[in-house]
Amino acid sequence: MKKEYLFELIGQVDERKIAMAGMEMPVKNSTCPAWVWWASAAACLAVVAIAAGSVLWKPIHWQGFASWDQPSEGIIDHQTDRTNHAFQPATDEIHISMGNISINEVEELPDAARIWYDPALYDSVVWDEGDVMTYYGKDLTPGYIPHGLTASPQNPAATVVTDKNGAYVLDTVWLGFYHDYYEDGSPKHTEQVAAKKGFHIMVSKVGQLSDCIYILPEQEVKTSGIGGTEVTFGYRSMPYGPYDPDTHQPSGYYDMYVAEFACDGIEYQIVAEQMQAEEVVKVVASMICGEEVVVDG
Amino acid sequence: MEDQEIIRLYQQRDPNAIQETASKYGAYCKAIAKNIVGNEEDAEECVNDAYWRAWNSIPPNRPRVLSAYLGKITRNLSFDRFRSKCAHKRGGAEVELALEELEECVSGIEDVEQTLDKQELIGVIDAFLDTLPREKCRLFLCRYWYALPVSEIALRFGMTETNVSVTLHRIRGKLKQYLMERGYQP
């Protein structure tokens, strides 16, 4: 066999594998259309004006904790990136200001009610990566994964349900990215804090995700615009054990962030534990814009 | 525009299909072409040819993943162009380095019988890729499907270039072994 022939053969492998090789950056570039560039330029000017006026800039708008301004487009700047990244737009890098991100306090994040589907009326189907790719039309892996986190061996986990006509009634797919895993593939707790470290993504087209309950009434919950997509960020300080047997006080607290948004007809929910807010915003923005973004503090 | 809408334009024979394809996948296809042919002009021509190939093939084809479908057409056209130019001159294309690396996996001798088993061999390579962990499969395809430079892969995967090269070397070794175990004398 000749090397050219082998190269040709490799060229004929399953298209789903090719798409999964993560070559969708320029494709996703289109989700940040040209108007974003204009909006960015305008926002950039606004930032300059604010800086010139020596206005104090609150780093994050903690909705429910502190006063906040009206949320605006989170993407504020594109700076020229001269490195020649073949599959990245060799144009600009996207900047997001944490000052434009509103974070709402979360009351509760209940697990989605598990509906029992009568086998007489519904069929369960286990999806593999290819099925997920075909259904959602894209690789759901974020363009940015924080250093130290790796993909779960269970990715993507999906058992979907269809009615007898083949229509999907449950299409939720789960992808996890954590610092370490037990042998069964479930995320490990960290040594210092008895909790997972990393994030998971739930996606659905039919909308079967958990309902994140915020402290403020629904109409007062604020969203943050990223690449033209409205994202609802939430935060909760989570207790971790072991708990004191007498006082029932936890050993401590860790940060949990939630991000919810809909893009290209797909609903997303991201739950991040023991991660910085900036990292969560970077993950979310990379999913919307299809490339890694720079988050300015 | 959503892929399904673009495909619908092709099916309706609406010339906007090509415009929408160029707008959404132009950069993607050009990056593939450029890594293989090594220069802007040839890459541009390959991409334009790929649009027309897509126009003439959808329908009857209905791509499952439009990006990969277009990428495959672009890759094939670009590799054809690369080979036709090889007779005259080489240099500049990343694919040359990728081919040199693949040389480790093959004997370099043309085998007519194996050529006849092309579909079967593609199936074997597909099956081999299924045995790899997801990230390694992606890494392999980035190098030998997209002909991405090692430096680029290192950036994208958060690895050092040495680490990428070593990982690719091991995967090539495994591929060779896999082919031999299945009766192919690569």
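Not measured: the values here are computed from a predicted model.

(A) Just the side chain of threonine 229 of chain A, in detail. Within the secondary structure, threonine 229 of chain A is located in strand β13 (residues 229–240). Look past the residues within four positions of threonine 229 of chain A in its chain and what remains in contact with it is Ser224, Phe261, Ala262, Cys263 and Ile288 of chain A.

(B) Seen up close, the packing of helix α8 (residues 134–144) of chain B against helix α9 (residues 150–157) of chain B. Residue and element names in this part refer to chain B. Where α8 contacts α9, the two axes come as close as 10 Å, and the packing angle between them is 150°. Compared by their axis directions, α8 and α9 come out roughly antiparallel. In this structure, the crossing between α8 and α9 has a hand that is right-handed. Residues Glu135, Arg138, Leu139, Cys142 and Arg143 of α8 pack against Val150, Ile153, Arg156 and Phe157 of α9. Looking at side-chain class alone, the contact of α8 with α9 contains five nonpolar, no polar and four charged residues.

(C) Quick peek at the nonpolar core. Ranked by internal contacts, the top residues of the largest apolar core, which has 77 residues, are Leu6 and Ile10 of chain A together with Val95, Leu129 and Leu141 of chain B. With nine residues, the top contributor of residues to this core is helix α2 (residues 16–37) of chain B. Residues contacting isoleucine 10 of chain A, with those up to four places away along its chain left out, are Arg75, Leu102, Ile125, Phe140, Leu141, Tyr144 and Trp145 of chain B. Residues Phe261, Val283, Val284 and Met287 of chain A belong to the second largest nonpolar core, which totals 44 residues.

(D) Examining the confidence of the model for chain B more closely. A residue-level look at chain B finds 91% of positions with pLDDT of 70 or above and a mean pLDDT of 85. Reported confidence for the predicted complex is 0.87 by ipTM and 0.50 by pTM.

(E) Highlighting unusual backbone geometry. A cis amide bond, omega -15°, links isoleucine 58 of chain B with the succeeding residue proline 59 of chain B. As for its placement among the helices and strands, proline 59 of chain B is situated in the loop between α3 (40–57) and α4 (66–86). Geometrically, the link from proline 59 of chain B to proline 60 of chain B is a cis peptide bond, its omega value of 15° lying close to zero. Counting through the fold element by element, proline 60 of chain B comes out in the loop between α3 and α4. Here the phi dihedral of glutamine 274 of chain A falls at roughly 55°; this positive angle occurs in a residue that is not glycine. Relative to the helices and strands, glutamine 274 of chain A is located in the loop between β15 (266–273) and α6 (277–289). Located in the positive-phi region is alanine 147 of chain B, a residue other than glycine, with phi close to 55°.

Thresholds applied
- Residues numbered from 1 in each chain as written.
- Chains lettered and ligands numbered in written order.
- Predicted model: local features only at pLDDT ≥ 70, side-chain atom pairs only at ≥ 80, totals over all residues.
- Heavy atoms only, no water.
- Helix = DSSP H or I, 4+ residues; strand = E, 2+ residues; numbered from the N terminus.
- Contact = heavy atoms within 4.5 Å.
- Axes fitted to C-alpha atoms, helices over the stretch in contact; angles between N-to-C directions.
- Parallel < 35°, antiparallel > 145°, perpendicular 65-115°, else oblique.
- Left-handed = near helix turned anticlockwise from the far one by under 90°.
- Nonpolar A, V, L, I, M, F, W, Y, C, P; charged D, E, K, R; others polar.
- Core = buried A, V, L, I, M, F, W, Y, C linked by side-chain atoms within 4.5 Å.
- Buried < 20%, exposed > 50% of the residue type's maximum accessible area, 1.4 Å probe, protein only.
- pLDDT = per-residue confidence, 0-100.

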